[in-house]
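Reading the structure
Each chain, letter by letter, is given below.
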Amino acid sequence: MAEDKEIKEHVDKDDKRLEQNNIEPKMSQVSKVVTTGLFGGIFWSFIAYIAFVLNFIEISPKLILQPIALGSWKNHTLGEFIGIILIGLISIGVAFVYYAVFKRFRSMWIGILYGAILWGIVFFILNPMFPDLKEIFELSRGTIVTSVCIYILYGLFVGYSISFDYNELTAADKSIK
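1. What to know about the pattern of salt bridges
The full count for this structure, using the stated rule, is 2 salt bridges. Note that Glu58 and Lys134 form a salt bridge whose closest N and O atoms lie 3.2 Å from each other. Note that Glu58 is positioned in the loop between helix 2 (29-53) and helix 3 (77-102) and Lys134 in the loop between helix 4 (108-125) and helix 5 (141-176), a separation of 76 residues in sequence. On the basis of relative accessibility, which here comes to 39%, the residue Lys134 falls in the partly exposed class. Of the charged contacts, one joins Lys62 and Glu80 as a salt bridge, the two residues approaching to 3.8 Å between their closest N and O atoms.

This is the structure:
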């Protein structure tokens with residue numbers, strides 16, 4: 001009997017040391033929003049870069065560097081990748097705006113609408129900031145359709161990820177109480 005108890009205590013100690021038995025610390029809601037915004041911005045602007053390389057779209061991620069007076073490197077591949085990183089950083093702020101305003105909505109349509117609104121803001125309101133960006137009516141139909149789709153998918157990704165995390169967290173909090 002005493003021998004069985006010793007073996008059980010030894011096995012319990014081994015179980016606690018196993019990696020699969022360790023509980024990972026949970027990410028805070030803020031860090032999830034930062035991660036979602038950064039990853040979403042980098043991923044979807046990279047998709048936009050691929051669309052640019054494949055001639056589906058006339059504009060590329062380096063467009064974000066145009067208002068800044070930098071060297072000629074911004075017009076080359078290095079400018080594309082720095083533009084992608086910069087869009088990822090700006091996307092963190094965009095994700096926080098979504099978190100502040102729309103986090104409690106469970107519908108994917110809110111994220112789609114958010115992406116469409118972002119497209120409108122960039123192409124109609126912020127257009128004068130970018131000297132290389134043509135007026136919306138001067139862009140090709142393929143550029144308009146592709147860019148709208150990319151923005152909608154970005155909004156869907158950010159919106160649904162943030163709303164899902166928020167609603168899961170609030171549901172878990174309600175079940176604890």
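Further notes follow.
2. As for helix 2
Taking 1.5 Å per residue as the helical rise, helix 2 with its 25 residues ought to reach 36 Å, and the 36 Å between its terminal C-alpha atoms agrees with that figure. Just downstream of helix 2 lies Asn55, where phi reads positive at about 65 degrees.

3. Considering the nonpolar core
One recurring pattern in soluble globular proteins: nonpolar side chains tend to sit buried together. Judged by nonpolar contacts, the single largest core of 24 residues is most densely connected at Phe123, Leu133, Tyr154 and Ile162. Counting residues per element, this core draws most heavily on helix 4, at 5 residues. In contact with Tyr154, other than residues within four places in its own chain, are Gly40, Gly41, Trp44, Ser91, Val94 and Leu118.

4. Thoughts on the environment of Ile162
Structurally, Ile162 is set in helix 5. When the C-alpha atoms of Ile162 and Phe96 are compared, they prove to be 9.2 Å apart, with 66 residues separating the residues in sequence. Contacts of Ile162, omitting those with residues within four sequence positions, involve Gln29, Val33, Thr36, Ala95, Tyr98, Tyr99 and Lys103.

5. Structural notes on the side chain of Thr143
If you trace the backbone, Thr143 turns up in helix 5. You can call Thr143 buried: its relative accessible area is 0%. A distance of 3.0 Å separates a polar side-chain atom of Thr143 from the backbone nitrogen of Glu58. Not counting residues up to four positions away in its chain, the partners in contact with Thr143 are Phe56, Ile57, Glu58 and Ile59.

6. Some remarks on a nonpolar patch on the surface
On the surface, Phe46, Ile50, Val53, Leu54, Phe56 and Phe81 cluster together to form a nonpolar patch covering roughly 540 Å² of accessible area. With respect to the helices and strands, the residue Phe81 is situated in helix 3. Classification of Phe81 by relative accessible area gives partly exposed; the value is 36%.

7. Quick notes on the packing of aromatic side chains
Counted under the stated rule, the structure contains 14 aromatic pairs. Ring geometry for Trp119 and Phe123: centres 5.0 Å apart, planes at 25 degrees, overall stacked. Taken as a pair, Trp119 and Phe123 lie in helix 4 at a separation of 4 residues, close to a single helical turn. The pair Trp119 / Phe123 is uniform in exposure class, with both members buried. Through a chain of ring-to-ring contacts, three or more aromatic side chains come together here, namely Phe39, Phe43, Trp44 and Phe157. The ring of Tyr99 carries the charged tip of Lys103 above its face, separated from the ring centre by 4.3 Å.

8. Focus: the packing of helix 3 against helix 4
Two elements in contact, helix 3 and helix 4, have axes whose closest approach is 12 Å; the angle formed by their N-to-C orientations is 130 degrees. By the angle class used here, helix 3 and helix 4 are oblique. Two packed elements cross with a definite hand, and for helix 3 against helix 4 that hand is right-handed. Between helix 3, through Val94, Val97, Tyr98 and Phe102, and helix 4, the contact on the second element is made entirely by Ile110, Gly111, Tyr114 and Leu118. Residues of the contact of helix 3 with helix 4, tallied by class, amount to 7 nonpolar, 1 polar and no charged.

Rules used throughout
- The written sequence of each chain sets the order in which its residues are numbered from 1.
- At least 70 in pLDDT is required for a residue's local features to be given in this predicted model, at least 80 for side-chain atom pairs to be given and counted, and no such filter applies to totals for whole chains, interfaces and linings, which use all residues.
- Working from all heavy atoms in the structure, the side-chain values ignore hydrogens and water.
- Salt bridges are defined by distance alone: a side-chain nitrogen of Lys or Arg within 4 Å of a carboxyl oxygen of Asp or Glu.
- The way it works is that DSSP assigns letters per residue, a run of H or I at least four long becomes a helix, a run of E at least two long becomes a strand, and they are numbered from the N terminus.
- Three exposure classes are used, based on accessible area relative to the maximum for each residue type with a 1.4 Å probe and protein chains only: buried under 20%, partly exposed in between, and exposed over 50%.
- In a helix, the anticipated span is given by 1.5 Å times the number of residues less one.
- In these notes, a set of buried Ala, Val, Leu, Ile, Met, Phe, Trp, Tyr and Cys residues joined through side-chain atoms within 4.5 Å is what counts as a nonpolar core.
- Between two residues, a contact is recorded if the distance between any of their heavy atoms is within 4.5 Å.
- Polar contact criterion, stated in full: a pair of N or O atoms within 3.5 Å, where within protein one must be able to donate a hydrogen and the other to accept it, and residues adjacent in sequence count only if both atoms are side-chain atoms.
- Think of a patch as exposed residues, more than 30% relative accessible area, with no salt bridge, where like charges cluster within 9 Å and nonpolar side chains (Val, Leu, Ile, Met, Phe, Trp, Tyr) cluster within 5 Å.
- Note on areas: Shrake-Rupley with a 1.4 Å probe; residue coverage comes only from the protein chains shown.
- A pair of aromatic rings is counted whenever rings of Phe, Tyr or Trp (Trp by its six-membered ring) have centres within 6.5 Å, and the orientation is called stacked for planes under 30 degrees apart, edge-to-face for over 60 and tilted otherwise.
- A ring has a charge above it when a Lys NZ or an Arg CZ is no more than 6 Å from the ring centre and no more than 35 degrees off the ring normal.
- To obtain each axis, a line is fitted to C-alpha atoms, and for helices this fit is confined to the stretch in contact; angles are then taken between N-to-C directions over 0 to 180 degrees.
- Angles below 35 degrees are treated as roughly parallel, those above 145 as roughly antiparallel, those between 65 and 115 as roughly perpendicular, and all remaining angles as oblique.
- Crossings are classed by handedness, with left-handed meaning an anticlockwise turn of the near helix from the far one by less than a right angle and right-handed meaning a clockwise turn.
- Note that Gly is not counted as nonpolar here; it falls among the polar residues with everything else outside the nonpolar set of Ala, Val, Leu, Ile, Met, Phe, Trp, Tyr, Cys and Pro and the charged set of Asp, Glu, Lys and Arg.

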